[in-house]
Amino acid sequence: MAEETGNQSEYAEDRIIPINIEEEMKSAYIDYSMSVIVSRALPDVRDGLKPVHRRVLYGMQDLGLQSNKPYKKSARVVGEVLGKYHPHGDSSVYDTMVRMAQPWSLRYLMVDGQGNFGSVDGDMPAAMRYTEVRFKKMAEEMLIDINKDTVDFRNNFDDSLQEPTVLPTRIPNLLVNGASGIAVGMATNMAPHNLSESIDATIAYIDNKEIEIQELVQHIKGPDFPTGGIIYGYEGVKEAFETGRGRIVMRAKADIETTSSDRERIVVSEIPYQVNKAQMIERTAELVNEKKIEGISEIRDESDRDGMRIVYEIKRDANAGVVLNNLYKYTALQTSFSVNNIALVNGRPMLLNLKDLIVHFVDHRHDVVVRRTKFELNEAEKRAHILEGLLIALDHLDEVINLIRNSATPEEAREGLMEKFGLSDIQARAILDMTLRRLTGLERDKIKEEYAELMKQIEYLKSVLENESLRMSIIKDELLEIKDKYGDERRTEIVHSAAELMTEDFIEDEDVVITISHEGYIKRTPLTEYRTQGRGGKGSIGSNSRDEDFIEHIFVASNHNYLLFFTDKGKCYWLRVFEIPEGSRTSKGRAIQNIINIEKEEKIKAYIKVVNLKDQEYLESNFIIMCTKKGTIKKTTLEAYSRPRSNGINAININEGDELLEASLTSGSSEIVMALRSGRAIRFNESTVRPMGRTATGVRGISLAHDKDEVVGMISIDSPESTVLVVSEKGYGKRTDIEDYRVTNRGGKGVKTINVTDKTGNLVAIKSVTDNDDLMIINRSGIVIRIAMDTLRVMGRATQGVRLITLKENDEIASVTKVERDEEEENAEENNELNNQNNTEEAENSTDTTEE
């Protein structure tokens, strides 16, 4: 018994092989990872399919689910694929088939689904027993010629059937539908592209094998996602095309609409690829509740069977453009697609650029065409061989009939035919199988015609095998046929830069009135909304500001201008005029903090209209002159302000207790006039102020008369036609020639510019005007009056002036600006001319014209 036990233990020891666990782990893990890479996660570069996709399509063909045949239950297909080719979970097969039927998942669908196949909101599809499927027409192009020995087959999992290793696709499927998958140690994420563009690029490569990627990009612009949207920026696309890796920024397609109640809303009609719409809306609502995104009053999903429509209602005091930018920043309205073009090439994973993808597809198509041609040639030669035998039999019909009649058995007859007429076994069998009706004259002619056609076909097929250019021509023709059948327009728009999202080409370049209130509300209004009135009139309502608010700045600009805003703290901000929200003449506008990143305690004090920030010559030949309330003046080149920053820059160093008052664009040789609240003004040439850097403080421009005195304005005069207009706070004003102000040294006390009395009040504004200008005056109660300057005569420097506006008790002038007159307004002025003259005479009779 002991002997028997000893023998058993020896036998067991012989069967145990000691191995190193580290080596075994390495080996097992490599085997597993390669299995995942090759058999599950990565697509084949030739047909763009993973094994499960390929098996689903091949299984559907087994069931005869052509696009013109009735639908069959999805469960039937899943069972077919599961039982024959893919011995894994049924959910993996069904999920694969479902994805190939979802228009938001695949750019070009392979499966025509009937029933509930889920939604872009992430809803699950119905169970496979409820849904039905069949091929889309395009899927048939993936499988065409598969029975002509065009691709290799291999045994299925139990060696009972054969399955294709690749499909003989006519469509560059990997390029047009993309792929995504996570393997072991690597992943793939390939973007879909437009079919027409992809075929154009493929044909361009066939015509010129040395073509560069930069030339291919002329045909294939970039990815084309099934959900549309916008590709924002082209660098990522370019990098992906050239290297196979790149980050593509995708944005939703959003439009800003204005409602009947003059409120704005953002309407999203297309979202980025692979974004769950319901989750995106839910997350946006959370951000609104958490105050991380402000300006949205309501979010609605109005999507239906006609298309997608997500509506973001904007609050009245918010700017839709700013809100939209915040949505792009914080929500899935902007997301990125990281391209990683890894696919299997000859069974090995490789990183591929755009040209590589096209090259491998063309090579595959070439291989398919060669194999198909060989198959067709072989079949044609077999048929020709039989027809040759039939023709021999027909030429010796009586002898053949006698030989068959005299033969005892079919075998004897077959051998007799082979021996007497030199026929092959196949030919002899074909003659014996021939029906009697083939002996009629008409049938004999048909055999001869068929044989002649076959010989032509054989000659053509041989020429195809001998001539590569002919094979390439066939590939091109087949691709063009696919393009004609299935080609469509791009869905995804490509925007190359931020400016293209709000391009000025779509905005009319018209003059508008910009108003900025004391509380920091801004708007733009068409200039035509303001009518010309006679001097001394009561004016019209210019803005329904809040009780304590009043208009502080009012000026005219063109929609395409750049605006440089200067604050009292000496900072500069940039804005395009068309980015300012439009409002009616009576609306209060929008808070400027919602448009530019201005700090709450800062107030806009001056602006510069700049036509172009890109023209270097223009930037270097123009200057910005700034002055402060305490009489400091500073000059800087415009070039120093040509690089916009969202959070602004320091324009001038402001001393404690001082603040920036004015800024003006000059040519470098202007005459500068600065005026004081006490009624004095100084004139000097701009050339006496040297250019300084942005951070400098400046130099003394004028000396104040007393501690409570301050500068009220500064003008720069280039034209000899310009006159100096001064306005006092009680509504008096006058025009004076510039020559009445003698040139003095910068920093002096200046000369009297208006005779300040209790009746006139202190000086509040100084402007440079001509007869072609109009004057717009607004007082603290919000009343606006517009006066034509040619109705106001030029008078002496030290006069009291004439009444420009009739003010109510305790009201004062808040702001004064000049506007250029439109030709359309001339008629309106002529109608008011008589009234203007009467008002002028009445006002001048009450004017004190005592000279200094």
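Residues numbered from 1 in each chain as written. Predicted model: local features only at pLDDT ≥ 70, side-chain atom pairs only at ≥ 80, totals over all residues. Heavy atoms only, no water.

- Identification of the protein as DNA gyrase subunit A from Pseudopedobacter beijingensis is taken from an unreviewed UniProt entry.
- Under the Subunit (unreviewed entry) heading, UniProt states for the protein: "Heterotetramer, composed of two GyrA and two GyrB chains. In the heterotetramer, GyrA contains the active site tyrosine that forms a transient covalent intermediate with DNA, while GyrB binds cofactors and catalyzes ATP hydrolysis."
- The Subcellular location (unreviewed entry) comment attached to the protein in UniProt states, word for word, "Cytoplasm". (UniProt positions renumbered as here; feature names shortened; annotations may be inferred.)

**Observations concerning the confidence of the model for the protein**
No. 1: For the protein, the average pLDDT comes to 85, and 90% of its residues sit at 70 or higher.
No. 2: Ranking the elements of the protein by mean pLDDT puts helix 20 (residues 826-845) last, at 42, and strand 3 (residues 132-135) first, at 97.
No. 3: Scored below 50 in pLDDT, residues 536-541 shows 22 contacts in the model against residues more than four places distant or in partner chains.
No. 4: Throughout residues 822-852 the model reports pLDDT below 50, and contacts reaching past four residues in sequence, or to other chains, amount to 41 contacts. (pLDDT = per-residue confidence, 0-100. Helix = DSSP H or I, 4+ residues; strand = E, 2+ residues; numbered from the N terminus. Contact = heavy atoms within 4.5 Å.)

**Digging into the packing of helix 13 (residues 354-395) against helix 16 (residues 425-433)**
No. 1: Where helix 13 contacts helix 16, the axes come no closer than 9 Å and their chain directions differ by 60°. Viewed along their axes, helix 13 and helix 16 adopt a mutual orientation that is oblique. In the packing of helix 13 onto helix 16, the handedness of the crossing is right-handed. Residue-level contacts link His385, Ile386, Glu388, Gly389, Leu390 and Ala393 of helix 13 to Ile426, Gln427, Ala430 and Ile431 of helix 16.
No. 2: Here the residues of the contact of helix 13 with helix 16 sort into six nonpolar, three polar and one charged. (Axes fitted to C-alpha atoms, helices over the stretch in contact; angles between N-to-C directions. Parallel < 35°, antiparallel > 145°, perpendicular 65-115°, else oblique. Left-handed = near helix turned anticlockwise from the far one by under 90°. Nonpolar A, V, L, I, M, F, W, Y, C, P; charged D, E, K, R; others polar.)

**With respect to unusual backbone geometry**
No. 1: One non-glycine residue, Asp145, adopts positive backbone phi at about 70°.
No. 2: The residue Asp145 is located in the loop between helix 6 (137-143) and strand 4 (153-155) in this model.
No. 3: If you check the backbone angles, Gln274 has positive phi at about 70° while not being a glycine.
No. 4: By the secondary structure assignment, Gln274 is in the loop between strand 11 (264-270) and helix 11 (277-289).

**Concerning the nonpolar core**
Side chains of nonpolar character tend, in soluble globular proteins, to be buried together.
No. 1: The biggest cluster of nonpolar side chains holds 83 residues, and the ones touching the most others in it are Leu57, Met60, Met97, Met110 and Leu195.
No. 2: Here Leu195 is in contact with Tyr108, Met138, Ile171, Pro172, Val176, Ile482, Tyr486 and Gly487, once residues within four sequence places are set aside.
No. 3: Judged by nonpolar contacts, the second largest core, of 23 residues, contains Ala254, Ile281, Ile293 and Leu324. (Core = buried A, V, L, I, M, F, W, Y, C linked by side-chain atoms within 4.5 Å. Buried < 20%, exposed > 50% of the residue type's maximum accessible area, 1.4 Å probe, protein only.)

**Structural notes on the pattern of salt bridges**
No. 1: According to the stated counting rule, one finds 51 salt bridges in the structure shown.
No. 2: Residues Arg107 and Asp224 are paired through a salt bridge, measuring 2.8 Å at the closest nitrogen-oxygen approach. Of the two residues, Arg107 sits in the loop between helix 5 (90-99) and strand 2 (111-114) while Asp224 sits in the loop between helix 9 (213-216) and strand 8 (230-232), which places them 117 residues apart along the sequence.
No. 3: The exposure class assigned to Arg107 is buried, which follows from its relative accessible area of 3%. (Salt bridge = Lys/Arg side-chain N within 4 Å of Asp/Glu carboxyl O.)

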